[in-house]
Amino acid sequence: MENILEVQNIQTFIGQYHILQGVSVSVPKGSITALLGRNGAGKTTTLKSILGLTPPREGKVIFEGNEIQGIPSFDIARLGIGFVPEHRAIFRDLSVEENLKIAERNKGDYARKEEMLFSLFPDLKRLITLSGANLSGGQQQMLAIARALVADNRLLLIDEPSEGLAPVIIENMMTAIRQLSAESTIVLVEQNFLVASQLAEYYVIIEEGRSVRAGKMADLVNDPDTIHRYLGAA
Ligand SMILES: Nc1ncnc2c1ncn2[C@@H]1O[C@H](COP(=O)(O)OP(=O)(O)OP(=O)(O)O)[C@@H](O)[C@H]1O
Ligand SMILES: [Mg+2]
């Protein structure tokens, strides 16, 4: 099985704080892999370390066979890694269409992807002239994901897509992520275990800055002790 991404024992500092103290993540190509763990465990920092936003001081990040730790984050993105940050980071003052257009990496990206984006998120087409601020939480999340799809990305890192969304909207978002996974490998940070367990094939649990468990989601769902110990849910 080929891994599109290998994070090997990374150590990341933010200021003087030693936040990641040994995180390893293997992501099989074509999979959805969930990063799980309690608040403050280091999930977001793991994504940012992969992207070079908080570069790891030690350890390796290997994308498609090449070491990318230490490369500027702008160049890492250009390799084909898309990021959907927490809290639906969209431009509230820009229209839906402007939000999508400025996500281009190469000229013409948006035009090439338009049809795919609107078949995945039909609502966005209807809302195309509205400003980001006028979208509902669910619509903003769809736009945030759509932005990461404008450029050609073979790996998508999605942080907490279900956060703060109503159940019916979460269902729509899950459907979109499932469709996406046909085209792109996905690393998903997700606090909602039910959502993560229904979407992901593989999981990694992060606890206090360390990856402590990893495997197939199908095994984790049958392991209530591990779920209770690390995720505080059963
Ligand atoms: N800029 C920062 N300065 C200092 N500490 C930080 C900073 N960013 C994150 N941390 C700390 O790093 C640890 C990991 O944070 P991180 O955001 O990666 O956790 P997380 O697993 O994504 O949590 P959550 O579920 O709350 O999003 C936390 O203890 C957090 O307080
Ligand atoms: Mg986080």
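Residues numbered from 1 in each chain as written. Chains lettered and ligands numbered in written order. Predicted model: local features only at pLDDT ≥ 70, side-chain atom pairs only at ≥ 80, totals over all residues. Heavy atoms only, no water.

Draft legend 1. The pairing of strand E9 (residues 202-207), seen in detail. Burial of E9 is extensive: 5 of the 6 residues sit out of reach of the surface. Pairing of strand E3 (residues 32-36) with E9 involves 4 bridges; the strand directions are parallel. Paired with Thr-33 across the strands is Tyr-202, a residue of E9. With 6 bridges connecting them, E9 and strand E10 (residues 210-216) associate as antiparallel partners. Bridge assignment links Glu-207 to a residue of E10, and that residue is Arg-210. Connecting E9 to the next strand, E10, in antiparallel fashion are 2 residues, including Glu-208 with a positive phi near 45°. (Buried < 20%, exposed > 50% of the residue type's maximum accessible area, 1.4 Å probe, protein only. Helix = DSSP H or I, 4+ residues; strand = E, 2+ residues; numbered from the N terminus. Pairing = 2+ DSSP bridges.)

Draft legend 2. Main features of the nonpolar core. Counting residues in hydrophobic clusters, the biggest one holds 48 residues, and the most contacted among them are Leu-36, Leu-100, Phe-121, Ile-177 and Met-217. If you tally residues by element for this core, the top one is helix H6 (residues 137-150), at 8 residues. Sequence-distant contacts of Leu-100, defined by excluding residues within four places in its chain, comprise Tyr-110, Leu-117, Phe-118, Leu-143, Ala-146, Arg-147 and Val-150. In terms of nonpolar packing, the next biggest core, distinct from the first, is built from 24 residues, Val-7, Ile-50, Ile-68 and Ile-206 among them. (Core = buried A, V, L, I, M, F, W, Y, C linked by side-chain atoms within 4.5 Å. Contact = heavy atoms within 4.5 Å.)

Draft legend 3. Main features of unusual backbone geometry. With phi around 50°, Glu-64 is a residue other than glycine that occupies positive phi space. Mapping Glu-64 onto the fold places it in the loop between strand E4 (58-63) and strand E5 (66-67). The residue Glu-208 is not glycine, and still its phi comes out positive at about 45°. Looking at the element boundaries, Glu-208 is found in the loop between E9 and E10.

Draft legend 4. Up close: the site of ligand 1. Gly-40, Lys-43, Thr-44, Thr-45 and Gln-191 are the nearest of the 14 residues found near ligand 1. In this structure, an oxygen atom belonging to ligand 1 sits 3.3 Å away from a side-chain N or O atom of Asn-39. Within the contact set of ligand 1, an oxygen atom lies 2.5 Å away from a side-chain nitrogen or oxygen of Thr-45. About the coverage of ligand 1: the protein hides 60% of its 640 Å² of free accessible area. Those elements giving two or more residues to the shell around ligand 1 turn out to be strand E2 (17-28) and helix H1 (43-51). Here the element with the most residues in the shell around ligand 1 is H1; it accounts for 3 residues. (Near = heavy atom within 4 Å. Polar contact = N/O pair within 3.5 Å; in protein donor to acceptor, adjacent residues only side chain to side chain. Areas by Shrake-Rupley, 256 points an atom, 1.4 Å probe, with all protein chains shown as cover.)

Nothing here speaks to function; it is all geometry.
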